[in-house]
Amino acid sequence: MKAVIVGCGRVGAALADRLARTGHDVTILDTSTRAFERLPADFAGQAVRGNGIDEDVLRRAGLAGADVFVALTEGDNRNVLMAQLARETFAVPRVIAKVNDPVRAEAYAALGLATLGRTTILRDAILDYLGEPVDGVRGVQPPTGHDHPLEARPAPESPALATGARPGPATPPGEV
Amino acid sequence: MYIIVVGGGKVGYYLTKELLQAGHEVVLLEKHPPRAAQIADELGSIVLNLDGCEGQSLARAGAKRADIVAAVTGDDEDNLVVCQMAKHHFSVPRAIARVNNPKNEELFRHLGVDEIISPTRTILGAIEQDIPVHELLHLAELEGGDLEVIEAQIEAGSPAVGRRSREITLPDGCSLFILIRDEVAQPIRPETIFQAGDKVIAITRTECEAALREELIGTAATAR
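Residues numbered from 1 in each chain as written. Chains lettered and ligands numbered in written order. Predicted model: local features only at pLDDT ≥ 70, side-chain atom pairs only at ≥ 80, totals over all residues.

Engineer: Would you explain the overall build of chain A in this entry?
Structural biologist: The number of helices and strands found in chain A is five helices and six strands. For chain A, the sequential pattern of α-helices and β-strands runs β-α-β-β-α-β-α-β-α-β-α. A burial count over chain A gives 39% of its 176 residues as buried. Partitioning the intrachain contacts of chain A with sequence separation of at least 6 by distance along the chain shows that 48% fall at a separation of at least 24. (Helix = DSSP H or I, 4+ residues; strand = E, 2+ residues; numbered from the N terminus. Buried ≥ 20, exposed ≤ 12 C-beta atoms within 10 Å, placed from the backbone. Contact = placed C-beta atoms within 7 Å.)

Have a look at this one:
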């Protein structure tokens, strides 16, 4: 599968390396080239410097045609914006956003995004280790609802567009 | 009218002041404590030191009975989250977002933001009124600068559209060289008919550039 990951912190770097090692096509983005030092020297994927909340940057990183998008920056809102761009503009089938604020995570799960946040993951892992009751150790929280029509739209490159399907966002002139 | 403004930068500050003067009920949310304190000194208790992206902050600001939420921080992602929380969790009738990257406008609209204000787009529009939309693009100089290789973009409305290459009167010293259509380069023959969207690579003497521009791009392209 083809995966695009934004945020080359410890989690992003480890995830990218693991996926690349098992033969997946991986591209990881970060605004800082220094962040790429976390990747091993023999990293088999691609590292691209750029800001993942910029649609053009995501397009250059090959998001159209990706199977998975993971937003792992330190900003909940940035992750939420990128994840929705990935879903709405690039029609990526599986999108995961890190949202550390549990309230926001729940809200966006209801809006159709898969979310994960260290607050609940760590809390539940510790409670579980201590033998305290937990709702069940949860990792990625799958979408819980669709109050909002977050249906996938055809990507600008999609052949569906030529057959009169719902249009994606207008491609700005000069952007292909 | 009850209005919640999120973001106490220059835009949020002046917006709040104007709304208060117009007699509206306004609350301003600003997450940075020093800035919140600074505005509160002047505007009073309507300034709350809260992060408007948090659901709890919007609840404390009374989002449930708000008529409008205006998210005017400098960060597009924060403005989007404020508007989505306002619409989907508090059923605020009208959510307004400031958008800095014009490319985000479409996404915000699709995600249910009612009104999108893009200062970048507005300024861009003002600038584009004053400059020609398309100029000749200089690609290279030849013969010590006497000759130039240029690219002209043919738009709808250009005098060249629908005409054959041989029907276009070119100044002496100009020759049309290659046509790029749908990303494919092809030679320009006398029978080639130009279409909107074509790019023409031409060689011209420097002094003939204006005449060539008139033939390929036209004078009307300078939108005023």
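The discussion continues.
Engineer: Which parts of the structure should I look at to understand the environment of Val200(B)?
Structural biologist: All names here are of chain B. With respect to the secondary-structure elements, Val200 resides in strand E11 (residues 199–205). Each C-alpha atom of the pair Val200 and Phe177 lies 7.2 Å from the other, and the pair is 23 residues apart in sequence. Contacts of Val200, omitting those with residues within four sequence positions, involve Ala152, Ile154, Leu176, Leu179 and Leu216.

Engineer: Would you take a moment to explain the interface of chain A and chain B for this structure?
Structural biologist: Interface extent is often summarised as the accessible area lost during association of the parts. With 23 residues of chain A in contact, the opposing surface of chain B contributes 20 residues. Secondary-structure elements contributing two or more residues to the side of chain A that touches chain B are helix H2 (55–60), helix H3 (76–88) and helix H4 (102–110) of chain A. By residue number, the principal contributor to the side of chain A that touches chain B is H3(A), which donates seven residues.

Engineer: I would appreciate a short explanation of the environment of Arg49(A) in the present structure.
Structural biologist: All names here are of chain A. Note on placement: Arg49 falls in strand E3 (residues 46–49). You can call Arg49 partly exposed: it has 14 C-beta atoms within 10 Å. Linking Arg49 and Phe36, residues 13 residues apart in sequence, is a C-alpha distance of 8.9 Å. With near-sequence residues (within four places) excluded, Arg49 lies in contact with Asp30, Thr31 and Thr33.

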